[in-house]
Every structure is written in structure tokens, then in C-alpha cells.
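Examining the three-dimensional arrangement
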Amino acid sequence: MGPHPAVAAIRLAVRRVLHDVLNEHSRDHEAAAVTAGAPAAPGAGARTAPEPLVLVACSGGADSMALASALAFESRKLSLRAGGITVDHGLQHGSDLRAAEVVSRMTGLGLEPAEAIAVQVGREGGPEAAARDARYAALDAAAERHGAAAILLGHTRDDQAETVLLGLARGSGTRSLSGMAAVSGAAGRYRRPFLELDRQTARKACMVQSLPVWDDPHNADPAYTRSRLRQEGLPALEKALGKGVVEALARTAQLSRDDADALDAWALQADATVRDDAGLLECAKLFALPPAVRRRIVRREVIGAGAPAGSLFARHVEEVDKLITGWRGQRAINLPGRVVARRQGGRLVIRQS
């Protein structure tokens, strides 16, 4: 008899991602060998690619514990090493003890290395954004320190639906509505195997494997926007519209991502055609572009000048866009990160003050 359907589902999702990581690692190794002048194909003198390390980001919750267990199981059948990282945000009493317990659970699954990283959470962007920024910074540092090929994240289809709704509520653009990518980060570091699986599947997989899980009280705290959406918003939508809202929102994310990718590519190509010899953006040329393309160029320019991407909202970009489309001699616009945008001599000048 095979594993429980929930366990089989999470293992299959992880197996697919690990095969992708292995294939990419092998191609990178072969390319490096060719560059170094070593034989790339098997045979005399050929160098064997070292086993890549894949880490799981594990909070101890059901989603990440299911992910950790699947990684531990699948890695034993493949030529790769598996480890785990838990981030202690220090936002709750006893968080250090809880982090140590998660490390013990990961070690028990056979993950090595398994470590806890304590971080200081700032205030910029609100508590949720600040905690997320601190967490990803810690994970990036851990990946560099251990030479990890990838880090697995336990975001599910439910998380994706929540992300789409949050973007919609902020009045954000297509990129925000596209939710979380299956592959993201520097060199595709972050992988999300569970984006097509629901939260209950992960929880069920933990239950049938007798994996202890920790339910973060912040996930039920109405002080947090995502928590309110999870506890009240989505259930209300399903009551009003019927079942299938989560699946529909996740599908919307993928469609939006395809559109956003196409528009980003267009904007990247158009960028070089709207600058003068000094590299400044020419307002007349920008005005001739479709708004979706023009605003992407503007947003990338603002971020390039030093504005934090997480603090730059659609309303900021719209205000800068008015310097191009509705010029009436208005003053310079102050943006996040002490960036200032102004129109001078028909040029859009965006600099850090």
C-alpha cells in the first residue's frame, strides 16, 4: 500500500522541484567545466558535479513541516543534500525556545545542516512587511553561507489567493495581482512547490505522519491584515460566491503573471528608446508609450534611484506619471527612500536627495 494521498501529493510536488534543481545544477556545472577547459561529458578526466544543497525554510507550522518531511524523504533518493533553516523573529515570548525545537524536529527528519537564525525586525512598511524583509535577508545570508542551490518555501494555494486579494485591496497593478512566483529570488533561489496544493493537504500530511506542528498565534491575530483576510475575508467570499474562490484567485495569479511578464519585457526593450544621450528619460517619448509600459519604466527608474520596492506603491508611480502626462509646472514629488522626481527641460529626473 502506498502513502496517504496527501503525503503522496506533497512528495510529488517536492520531487518535481528537486529534479529541476538537479538539472539546473548539472547544466551550471557543465558550463563551468567547459569555461575552465575541463571535460564536460562523462569520461576520463571529467569532473563529477558535487551534490547540491537544498534548504527548507521551516517555521514549524503545518505547511513548512510537511515541506520539510517531503524534502527529507525525497532527498534520500536523489543526488543532493537537504538541510533546514528556521528564523526566530523574536516577536513572541519564548520564540528562541520554539526555534530550537524546530531545529530538533528538522534534525530528527535527517536534515543537515539544521539551524535557527535570530533576526531583528524593523518597522519600515509595517510589522508584516518588516518581518518578511528580515526573514528573507536571513535566508539569503544562510544560502550564501552554506552554498545552497535552492531554498524551498511552504506557501500554498491559499497563501497565493490571499496575496492576490491583498494586492487587489491596495489597488496595485498586474504584477502585484500575479502573486508569488513558483521560482523567484537571485538566480531562482526560492522555490515554492506547494502553490498548486491547498493548506488542508499539507496539514493532513502532517497528521497522518504524526508530525508535530506549531500554530503561530499571529496567524489568528486580527491585528494583522493577512490574518483578518484568512479568518474573515476569504470565508465571507466563499459564502457569498460559493466554493472555488481560492482556486479562481490562484488561477488569476498565473494569468496576471503571464501578462506582467510580457509587459515587463516590452518595457525593458522600450527603455533604451526613451532616453537622451545623457541617459535621462525624455517625457515626450515616454508619453507616446502605452501607460502600462511607461509606468513600468518609471517604477524601475525610481527603484534604481534608491526607493525600496516594498514601499513603492501604485499611487507613487501615478504621481510621477503625471509629470509626463499632466505637466502643469507642478513641484517635485517626494518618494520613499528619500527619492525625488521632477521634470526639468522636458526630461524626467529621478534622484536620491
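In what follows, the accompanying structure is described. No experiment lies behind these values; they were computed from the predicted model shown. (Residues numbered from 1 in each chain as written. Predicted model: local features only at pLDDT ≥ 70, side-chain atom pairs only at ≥ 80, totals over all residues. Heavy atoms only, no water.)

Below, the discussion takes up the overall build of the protein. A tally of helices and strands in the protein yields twelve helices and ten strands. Dimensions along the principal axes, computed over C-alpha positions, put the protein at roughly 70 × 60 × 40 Å. Taking all 353 residues of the protein together, 44% fall into the buried category. In the protein, the proportion of contacts linking residues at least 24 apart, taken out of those at least 6 apart, comes to 67%. If you sum the accessible surface of the protein, you get close to 18,300 Å²; carbon and sulfur atoms cover 53% of it. (Helix = DSSP H or I, 4+ residues; strand = E, 2+ residues; numbered from the N terminus. Buried < 20%, exposed > 50% of the residue type's maximum accessible area, 1.4 Å probe, protein only. Contact = heavy atoms within 4.5 Å. Areas by Shrake-Rupley, 256 points an atom, 1.4 Å probe, with all protein chains shown as cover.)

Okay, the sheet that holds strand β4 (residues 150–152) next. What the six strands build is an open sheet, ordered β3-β2-β1-β4-β6-β5; its pairing is mixed. Looking at which strands have only one partner, the edges of the open sheet turn out to be β3 (114–118) and β5 (183–184). Pairing geometry for strand β1 (residues 53–57) and strand β2 (residues 81–88), over five bridges, is parallel. By the bridge assignment for β2, L53 is matched with R81. (Pairing = 2+ DSSP bridges.)

What follows covers the side chain of S178. With respect to the element layout, S178 can be found in the loop between α6 (174–177) and β5. Residue classification places S178 among the buried residues on the basis of a relative accessible area of 1%. Those residues within four positions of S178 in sequence are excluded, and the remaining contacts are Q160, A253, S256 and R257.

This model, assessed by the stated rule, comprises 27 salt bridges. Between R296 and D264 there is a salt bridge whose closest N-O contact spans 2.7 Å. Residue R296 is found in helix α11 (residues 291–304), and its partner D264 is found in helix α9 (residues 245–271); the two are separated by 32 residues along the sequence. Residue class for D264 comes out partly exposed when judged on its relative accessible area of 27%. One network of salt bridges, in which partners are shared, links D159, E162, R199, R226 and R230. (Salt bridge = Lys/Arg side-chain N within 4 Å of Asp/Glu carboxyl O.)

Let us now look at the packing of helix α8 (residues 225–241) against α9. One can describe the packing of α8 onto α9 by two numbers: an axis separation of 9 Å at closest approach and a directional angle of 105°. By the criterion of interaxial angle, the relationship of α8 to α9 is roughly perpendicular. Of α9, the residues touching α8 (which contributes L234, L237, E238 and L241) are V245, V246 and L249. Here the contact of α8 with α9 is composed, by residue class, of six nonpolar, no polar and one charged. (Axes fitted to C-alpha atoms, helices over the stretch in contact; angles between N-to-C directions. Parallel < 35°, antiparallel > 145°, perpendicular 65-115°, else oblique. Nonpolar A, V, L, I, M, F, W, Y, C, P; charged D, E, K, R; others polar.)

With 14 residues, helix α2 (residues 62–75) extends 20 Å between its outermost C-alpha atoms, agreeing within 8% with the 20 Å of an ideal straight helix rising 1.5 Å per residue. Of all 14 residues in α2, 13 are buried; the element is thus mostly enclosed. (Expected span 1.5 Å × (residues − 1).)

Spatial strand order, β7-β10-β9-β8: four strands in an open sheet with antiparallel pairing. In this open sheet, the two edge strands, each paired with only one partner strand, are β7 (281–282) and β8 (333–335). By the bridge criterion, two bridges tie β7 to strand β10 (residues 347–352) in an arrangement that is antiparallel. The partner of E282 across the bridge, within β10, is R347. Packing against the sheet, α11 makes contact with β7, β8, β9 (339–344) and β10, and its axis sits at approximately 30° to β10.

Attention shifts here to unusual backbone geometry. A cis amide bond links E112 to the next residue, P113, at an omega of 5°. Within the fold, P113 resides in the loop between α3 (95–109) and β3. One non-glycine residue, A187, adopts positive backbone phi at about 55°. Tracing the chain through its elements places A187 in the loop between β5 and β6 (190–191).

Another aspect to go through is the pairing of β2. Working note: regular strand, side chains alternate between the two faces of the sheet. Of all eight residues in β2, seven are buried, a share of seventy percent or more. Crossover handedness for the path β1 to α2 to β2: right-handed. Bridge count for β2 against β3 is five bridges, and the pairing is parallel. The residue bridging G84 from the neighbouring strand is A114, located in β3. (Right-handed = clockwise from strand over helix to strand, strands pointing away.)

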